[in-house]
2 protein chains.
Amino acid sequence: MSTPITVPVVLGARSYEILIGPGLLPEAGARIAALAPQARLAIVTDENVAALHLATLTASLDKAGLAHQTIVVKPGEASKSYATFAEVCDGLLATRVERGDFVIAFGGGVIGDLAGFAAAVIRRGMRFIQIPTSLLAQVDSSVGGKTGINSRHGKNLVGAFHQPSLVLADTSVLDTLSKREFRAGYAEVAKYGLINDAPFFLWLERNWRDVMAGGKAREEAIAVSCRSKAGIVARDETETGERALLNLGHTFGHALEALTGYNSKRLVHGEGVSIGMVLAHEFSARLGLCSQEMPSRVAGHLAEAGLPTRIDQVPGGVGTAAELMNAITQDKKVKRGKLTFILTRGLGESFIANDVDPAAVTGFLEEKLADAQKVGA
Amino acid sequence: MSTPITVPVVLGARSYEILIGPGLLPEAGARIAALAPQARLAIVTDENVAALHLATLTASLDKAGLAHQTIVVKPGEASKSYATFAEVCDGLLATRVERGDFVIAFGGGVIGDLAGFAAAVIRRGMRFIQIPTSLLAQVDSSVGGKTGINSRHGKNLVGAFHQPSLVLADTSVLDTLSKREFRAGYAEVAKYGLINDAPFFLWLERNWRDVMAGGKAREEAIAVSCRSKAGIVARDETETGERALLNLGHTFGHALEALTGYNSKRLVHGEGVSIGMVLAHEFSARLGLCSQEMPSRVAGHLAEAGLPTRIDQVPGGVGTAAELMNAITQDKKVKRGKLTFILTRGLGESFIANDVDPAAVTGFLEEKLADAQKVGA
């Protein structure tokens, strides 16, 4: 077997390992059998991932003598719905998996969130394994146990904290991603630099082309991201404090996703986060929290890596400041009328601001939208 | 305020109290305000409970200055569906309750399970309060944190362990129950005697008429039941062992409910449990585990209290032994092909049998169904 990078997530009885490296998918059967030799497996995946990688996974499980069944859903954010959740739950129950068995979430962030949530509630909680196939899922959504689906009121508003038993991040699988998908995940990689790790951001500024190209730099970037997230999650599993830092760029980003109808042709999650992180830095600068140069440095790097950084880059527009504010206040980071945003005092100096004045955000958004119209004109 | 019986449920940071007594509903506002003076409340109830008791609850909340909104669903087991779950989740999100606010589950077992599950997953977990209005909910489903909905594969197969912050069991509310509903709850009361408390069963044999009539005997029966359940839950919150004893009569009972299509006109949960407990004792006697007289003593008391005790009492019949077995093996208490049943060695001497031979159960059911046909002929 290969010798992957191992990142432990230390959560007492719920501790687990993230394994990172090329060629892990063909080893999945042996690694899962080592964890639970008798377990039966129910794989949840989407049509795209199934077409590309399911045969490799099932061959590996067969070789290890592990019984498995597969549930395939449609790709895309629209599958994080009540309807698909019910379909996956009923599908899992039809496989007759029992409490000691495993659900395998095999796909990107949508599959991880959806299958993880189903695993959290089937028979009031089954074990599950994350095999993330997108960069975004490998560095973010597969780690830390947040699972859930979307409501018409917003993203991830219905879900559970449910930790996986193992995360297998096969970096060679990422070669099959489109450039756009890879870049979207890269936004979350850059996020870890911007949260609290300036040296990592500087490293990315120098090495982002190698990260895109694959090989050791990519593995290193994924490992740094996972270690950063694992540390935060170990200190604050259920987001009573520090974990909220991981939402940098997400409050603006979720609002943009909501106003584009979660239509991945217009905007995918990582793109919303990219624009959202730039907005968070611009808003911080506007409040005098960080230097006026910070936003353009952040935007410069994200744009160089091929990511959108301005609202006017969203095809079809995103509505008015009032509509954005409505989406923001329905997002989950709200307390007693004051808004919570992740703001920054400088490169890698993000912090949780619990008392942001909604009027200040509205004013800022009105200005940004006016700018966007000028650009669009 | 009144001085109710207080039963603590000791679960570390998730500990809470069950208050039992007459007149608690008009005090709900004051008691909830004492717990969380600033909280906003989202009440989930059904049409029947709303018509009878909602005005009392909301007047009490108003008096305590607590903001509240109400979501009303249709009464009956059919509301423990994916569709109603989605409706309640979206309804709760529309009220904009936040993580520190409370969901109030105001109704019988269906409402407690449904609203409790929604509270478990809204924003990945909100606090909630149980105000059970049926005897069954007061002695069983409102205590211990099991929440969930049904799948076409079986009851409660999708759900969460989510403990309430407070249980208010107003015993005077039970005066509005039909005799049939009250008796159905009484099956769960008798269950606590049969599990591990022979003196309580003997007490019920002598005092069941007073329990039905109301007053001190009723409060006492509810308190003994809640204490018994609270003790078991404190020792085994997530049912890795002892808690399974609470399923006495439920494996057979759930199968009967499934085969009557969860149609409450034909069979309600407590009636299924009543027949199921008698079957569990008959099966135990057949296996030579308890005396041949035990089943008729148990059946005698339940029948005296007005409960059904035989399969042939289910209107419209329940199908074949093979169909019952299919429903049983889909129930959640299955491990590696062997069946788990709660069996008994005598009065109040129930135990968990993990290795029951499916063929023995099939044979037993075939015999019972043949008996039922004789009775029916």
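Residues numbered from 1 in each chain as written. Chains lettered and ligands numbered in written order. Predicted model: local features only at pLDDT ≥ 70, side-chain atom pairs only at ≥ 80, totals over all residues. Heavy atoms only, no water.

An unreviewed UniProt entry lists chain A under the name 3-dehydroquinate synthase, with Labrys miyagiensis given as the organism. Per UniProt, chain A has the following entry under Function (unreviewed entry): "Catalyzes the conversion of 3-deoxy-D-arabino-heptulosonate 7-phosphate (DAHP) to dehydroquinate (DHQ)." (UniProt positions renumbered as here; feature names shortened; annotations may be inferred.)

Chemist: I'm lost on the packing of helix α9 (residues 250–259) of chain B against helix α12 (residues 321–330) of chain B in this one. Help?
Modeler: Angle between the axes and distance between the axes: these two values describe a pair of packed helices. Residues and elements named next belong to chain B. Contact pair α9 / α12: the axes reach a minimum separation of 9 Å and the direction vectors enclose 115°. Between α9 and α12 the crossing geometry is right-handed. Facing α9, whose interface residues are T251, F252, A255, L256, A258 and L259, α12 presents E323, L324, A327 and I328. Across the contact of α9 with α12, the residue classes tally to 8 nonpolar, 1 polar and 1 charged. (Axes fitted to C-alpha atoms, helices over the stretch in contact; angles between N-to-C directions. Helix = DSSP H or I, 4+ residues; strand = E, 2+ residues; numbered from the N terminus. Left-handed = near helix turned anticlockwise from the far one by under 90°. Contact = heavy atoms within 4.5 Å. Nonpolar A, V, L, I, M, F, W, Y, C, P; charged D, E, K, R; others polar.)

Chemist: How should I be thinking about the sheet that holds strand β5 (residues 102–107) of chain A in this particular structure?
Modeler: The pairing of strands in a sheet happens through backbone hydrogen bonds and is either parallel or antiparallel. Residue and element names in this part refer to chain A. Strand order in the open sheet made by the 7 strands is β1-β2-β9-β6-β5-β3-β4, with mixed pairing throughout. Edge positions in the open sheet fall to β1 (5–9) and β4 (68–73), since each of these has one partner strand only. The mean angle between the axes of side-by-side strands here comes to 15°, regardless of whether they run parallel or antiparallel. Sitting on the sheet, helix α8 (residues 216–235) touches β1 and β2 (16–21), and the angle it makes with β1 is about 10°. (Pairing = 2+ DSSP bridges.)

Chemist: Help me understand the UniProt feature "binding site: NAD(+)" (unreviewed entry) in chain A, please; the structure alone is not making it clear to me.
Modeler: Residue and element names in this part refer to chain A. Mapped onto the present numbering, the UniProt feature "binding site: NAD(+)" (unreviewed entry) falls at G109, V110, I111, G112, D113, T133, S134, K146 and K155. Here V110 lies in helix α4 (residues 109–121). Once you skip the residues sitting within four places of it in the chain, V110 turns out to touch G76, E77, S79 and K80. Positionally, T133 belongs in the loop between β6 (127–132) and α5 (135–141).

Chemist: Could you clarify how one ought to interpret the pairing of strand β7 (residues 146–151) of chain A in this entry?
Modeler: Note on strand geometry: in a regular strand, side chains alternate between the two faces of the sheet. All names here are of chain A. Of all 6 residues in β7, 6 are buried; the element is thus mostly enclosed. Strand direction decides the pairing type here: β7 and strand β8 (residues 154–161), joined by 5 bridges, are antiparallel. Note that in β8 the partner of K146 across the bridge is F161. A loop of 2 residues connects β7 with β8, the two strands running antiparallel in sequence. (Buried < 20%, exposed > 50% of the residue type's maximum accessible area, 1.4 Å probe, protein only.)

Chemist: What exactly am I supposed to notice about the nonpolar core here?
Modeler: Among soluble globular proteins, nonpolar side chains are generally buried collectively. Core analysis: the largest hydrophobic core is formed by 58 residues, its most contacted members being A:F85, A:L92, A:V158, B:F85, B:L92 and B:V158. If we skip the residues at most four places from it in the chain, A:L92 touches A:A42, A:V44, A:I71, A:V97, A:V103, A:A118 and A:I122. A:V7, A:F200, A:L204 and A:W208 belong to the second-largest nonpolar core, a separate cluster that totals 54 residues. (Core = buried A, V, L, I, M, F, W, Y, C linked by side-chain atoms within 4.5 Å.)

Chemist: Help me understand the packing of helix α3 (residues 82–94) of chain A against helix α3 (residues 82–94) of chain B, please; the structure alone is not making it clear to me.
Modeler: Where α3(A) meets α3(B), the closest approach of the two axes is 10 Å, and the angle between their N-to-C directions is 140°. What the angle tells us is that α3(A) and α3(B) run oblique. The handedness of the crossing between α3(A) and α3(B) is right-handed. Residues A:Y82, A:F85, A:A86, A:C89 and A:D90 of α3(A) form the contact with α3(B), whose own contacting residues are B:Y82, B:F85, B:A86, B:C89 and B:D90. Here the residues of the contact of α3(A) with α3(B) are counted per class, giving 8 nonpolar, no polar and 2 charged. (Parallel < 35°, antiparallel > 145°, perpendicular 65-115°, else oblique.)

Chemist: Teacher, can you tell me more about the domain arrangement of chain A here?
Modeler: Accessible area lost on assembly of the parts is the figure often given for the size of an interface. Residue and element names in this part refer to chain A. For chain A, the assigned domains are domain 1 (5–176) and domain 2 (179–376). Each side of the interface is counted separately: domain 1 has 31 residues, and domain 2 has 32 residues. Between domain 1 and domain 2 the total buried area reaches about 2,800 Å² when both faces are included, carbon and sulfur atoms providing 63% of it. Area buried by domain 1 at its contact with domain 2 is led by L135, V139 and K155, which between them contribute 23% of it. Here domain 1 is connected to domain 2 by 5 salt bridges. Notably, a salt bridge pairs E257 with K155, separated by 2.8 Å at the nearest N-O pair. Among the elements of the structure, β1, β2, α5 and β8 are those that each provide at least two residues to the side of domain 1 that touches domain 2. Broken down by element, the residue count for the side of domain 1 that touches domain 2 peaks at 6 residues, all from α5. The class makeup of the residues in the side of domain 1 that touches domain 2 is 16 nonpolar, 9 polar and 6 charged. (Domains from an automatic or database assignment. Buried area = accessible area lost by both parts, 1.4 Å probe. Salt bridge = Lys/Arg side-chain N within 4 Å of Asp/Glu carboxyl O.)

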